[in-house]
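What follows is the residue order along each chain.
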Amino acid sequence: MIKEIKNNHLYWDGCDTVELAENYGTPLYVISQTAIENECRALQKDFIKKYDNVHVAYASKAFNNLAMLKIIEKEGLGIDVVSGGELYTAIQAQFPAEHIEFNGNNKSDEELAIAIDYGVGRIIVDGSQELDRIGEICRKKEKKANILFRITPEVDVATHQFISTGQKDSKFGLPLDEEFLFPILQQAITMPEVDFYGIHFHIGSQLFDNTTHLKAAKVALELAVRIKEKFDYEIKELNYGGGFGVRYTQDDQRQSYAYFLDPLMALTEDFCEKNGLKRPAIAIEPGRSIVAEAGITLHTIGSIKTLPHIRKYAAIDGGMTDNVRPGLYQAIYTGMVANKADQPLEETVTISGKACESTDILMKDLQVPLIASGDIFTTFTTGAYGYAMANNYNKLAIPAVVLVNKGQADIIVKRQTYAQIIQNERIPDSLK
Ligand SMILES: Cc1ncc(COP(=O)(O)O)c(C=O)c1O
Ligand SMILES: N[C@@H](CCCC[NH3+])C(=O)O
């Protein structure tokens, strides 16, 4: 049990969250190592050990730091990175190069050069000019890169439009039009600097229905057939992306990995057999599903305001700076008062952040015990895209992250200091 209630306090992976707040301060991200390991082990069981020639690249954008990458490596998964910064972190964590996949719709020459020098396992090409630039860098360095092309499978998914990525009009992926796509594929097949592995898609995030993955897989498989017909070339790998939804509220019906992956694998095997293709390696890139539910955020309640006949606001010592998702995607979260975990729910409050922004509302009209300044407020399911999207708006410091594991707690990211917030600022001589 990751979540437990003992002595009126919320415990997370064996640690008293009220004590954590006292010891490390708030806001504080608390991440359960056990919960992350459980997700990785579910992927091992339902995918890696169940099927031949498959692998998982954790989409590290969800939560990327040295400790997390060490857990992922220990659990036998690879990673996906999308920037020089994420790649740098992976290199510092000594993450094995061959298990790194490099995505991104605008990789710079510098980023590509670092990736090629380190020898990353795959580069997912997402643009017609990128292939030339990879070729040039590889030529200069006398190296060869394994590449896939990210395509736009033209499926519309049931999620917030801001996190859907596979529709026809998208900044991600290459369009399917053969006139556009085939010359680039031909170039990849003939270029000595790259090994053309295959096709990649990622259709969106926080998905609960497997049918859109299936539709997109069919599009990718049909493309594999067209590539074989046209170029007499069989692709070696298909990457079906991530996007598996998690529980933010009780309304979110989380599905197992098998619910998505079994039909995907069945479709793939069946399609390949019927169309005379050798079944390619299959990769997936889950981010959110590995880490979201492992994480909570602790805040201290400060100012409490009652607007007569309207509502009661309780403000926390963070907000959209440590969790931008409610403001950005109208994301709904659940929470509780960690130091009153056993007490009856007696009032309705709206939890607001402290940023100077009206959209900085974390939860609207939440049922809580009688709330008081100094209470420790917990938000659940903040492990993915919480710390990862934290920002310094209003010059608030990025919170610390503590890793908890069966009663042990360890800081894995220190709280940012005010001095660190302004460390790159300078006053020009003309203003001195
Ligand atoms: C290319 C790619 N792969 C994987 C992911 C991970 O998605 P999720 O966190 O929903 O599993 C994303 C982000 O949405 C992505 O853009
Ligand atoms: N940042 C998004 C997920 C990434 C979507 C784009 N790849 C979220 O918090 O839901």
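Every residue gets a number counted from 1 within its own chain, in the order that chain's sequence is written. Written order determines the labels here, with chains lettered from A and ligands numbered from 1. Note on the predicted model: pLDDT of at least 70 is required for a residue's local features to be given, and 80 or more for side-chain atom pairs to be given and counted; whole-chain, interface and lining totals, by contrast, use all residues. Only heavy atoms go into the side-chain values, all of them from the structure, while hydrogens and water stay out.

Going by an unreviewed UniProt entry, the protein chain carries the name Diaminopimelate decarboxylase and comes from Tetragenococcus koreensis. UniProt positions are given in the numbering used here, feature names are shortened, and annotations may be inferred rather than shown by experiment. In the Catalytic activity (unreviewed entry) part of its UniProt record, the protein chain is described as follows: "meso-2,6-diaminopimelate + H(+) = L-lysine + CO2". Entered under Sequence similarities (unreviewed entry) in the UniProt record, the comment concerning the protein chain runs "Belongs to the Orn/Lys/Arg decarboxylase class-II family. LysA subfamily."

1. Quick look at the packing of helix 7 (residues 178-190) against helix 8 (residues 211-231)
For any two helices packed against each other, the geometry is given by the interaxial angle and the distance between the axes. One way to put it is that helix 7 packs onto helix 8 with a least axis distance of 11 Å and a crossing angle of 65 degrees. In terms of crossing hand, the pair formed by helix 7 and helix 8 is right-handed. Here Glu178, Leu181, Phe182, Leu185, Gln186 and Ile189 of helix 7 come into contact with helix 8, specifically with Leu223, Arg226, Ile227, Lys230 and Phe231. Structural elements are reduced to axes, namely lines fitted to C-alpha atoms, with helices fitted over the stretch in contact, and the angle between N-to-C directions of any two is expressed from 0 to 180 degrees. Numbering of helices and strands runs from the N terminus; a helix is a DSSP stretch of H or I covering at least four residues, while a strand is a stretch of E covering at least two. Whether a crossing is left-handed or right-handed is set by the direction in which the near helix is turned from the far one by less than a right angle, anticlockwise for left-handed and clockwise for right-handed. The contact criterion used throughout is that any non-hydrogen atoms of two residues lie within 4.5 Å.

2. With respect to the packing of helix 8 against helix 9 (residues 257-274)
Closest axis-to-axis distance for the helix 8/helix 9 pair is 10 Å, and the angle between their directions is 25 degrees. For the element pair helix 8 / helix 9, the angle class is roughly parallel. Considering how the two elements wind past one another, helix 8 and helix 9 form a crossing that is right-handed. Contact residues: His213, Leu214, Ala217, Lys218, Leu221, Glu222 and Val225 in helix 8; Phe260, Pro263, Leu264, Leu267, Thr268, Phe271 and Cys272 in helix 9. Every angle not falling under 35 degrees, over 145, or within 65 to 115 is termed oblique; those three ranges are roughly parallel, roughly antiparallel and roughly perpendicular.

3. Focus: the site of ligand 1
Proximity is defined per residue: any heavy atom of the residue falling within 4 Å of a molecule or strand makes that residue near it. What surrounds ligand 1 is a group of 15 residues, the closest being Lys61, Ser205, Glu285, Arg288 and Tyr385. Between ligand 1 and Ser205, the relevant distance is 2.3 Å, taken from an oxygen atom to a side-chain nitrogen or oxygen of the residue. With residues, only the protein chains shown are counted as cover, and all accessible areas are computed by Shrake-Rupley using a 1.4 Å probe. Notes on ligand 1: free accessible area 390 Å², of which the protein chains cover 93%. Under the rule applied, a polar contact is a pair of N or O atoms within 3.5 Å (in protein, one hydrogen donor and one hydrogen acceptor; residues adjacent in sequence only if both atoms are side-chain atoms).

4. Comments concerning helix 2 (residues 33-48)
Only protein chains enter the accessibility calculation, which uses a 1.4 Å probe; a residue whose area is less than 20% of its type maximum is buried, one above 50% is exposed, and one in between is partly exposed. Those residues of helix 2 that sit buried are Gln33, Thr34, Ala35, Ile36, Glu37, Glu39, Cys40, Leu43, Gln44, Asp46 and Phe47. Two or three places before Thr34, at the opening of helix 2, Ser32 has a side-chain oxygen 3.4 Å from that residue's backbone nitrogen.

5. What to know about the UniProt feature "modified residue: N6-(pyridoxal phosphate)lysine" (unreviewed entry) in the protein chain
The feature "modified residue: N6-(pyridoxal phosphate)lysine" (unreviewed entry), as given by UniProt, occupies Lys61 in the numbering adopted here. Residue position: Lys61 is located in the loop between strand 5 (54-59) and helix 3 (66-74). Excluding anything up to four places from it in sequence, Lys61 contacts Asp80, Val82, Glu86, Tyr385 and Ala388.

6. A short note on the layout of surface pockets
By volume, the largest pocket amounts to about 930 Å³. The set of elements that each furnish at least two residues to the lining of the largest pocket consists of helix 2, helix 10 (288-291), strand 15 (335-337) and strand 17 (361-368). Residue contributions to the lining of the largest pocket peak at five residues, all from helix 2. Lining residues are those with an atom within 4 Å of a point, where the points come from a 1 Å grid over the protein atoms alone and group into cavities, where a 1.4 Å probe fits but cannot get out, or pockets, open sets with protein on both sides within 12 Å along at least five of seven lines. Grid points are joined across faces, edges and corners, and a volume is the space filled by probe spheres set on the points.

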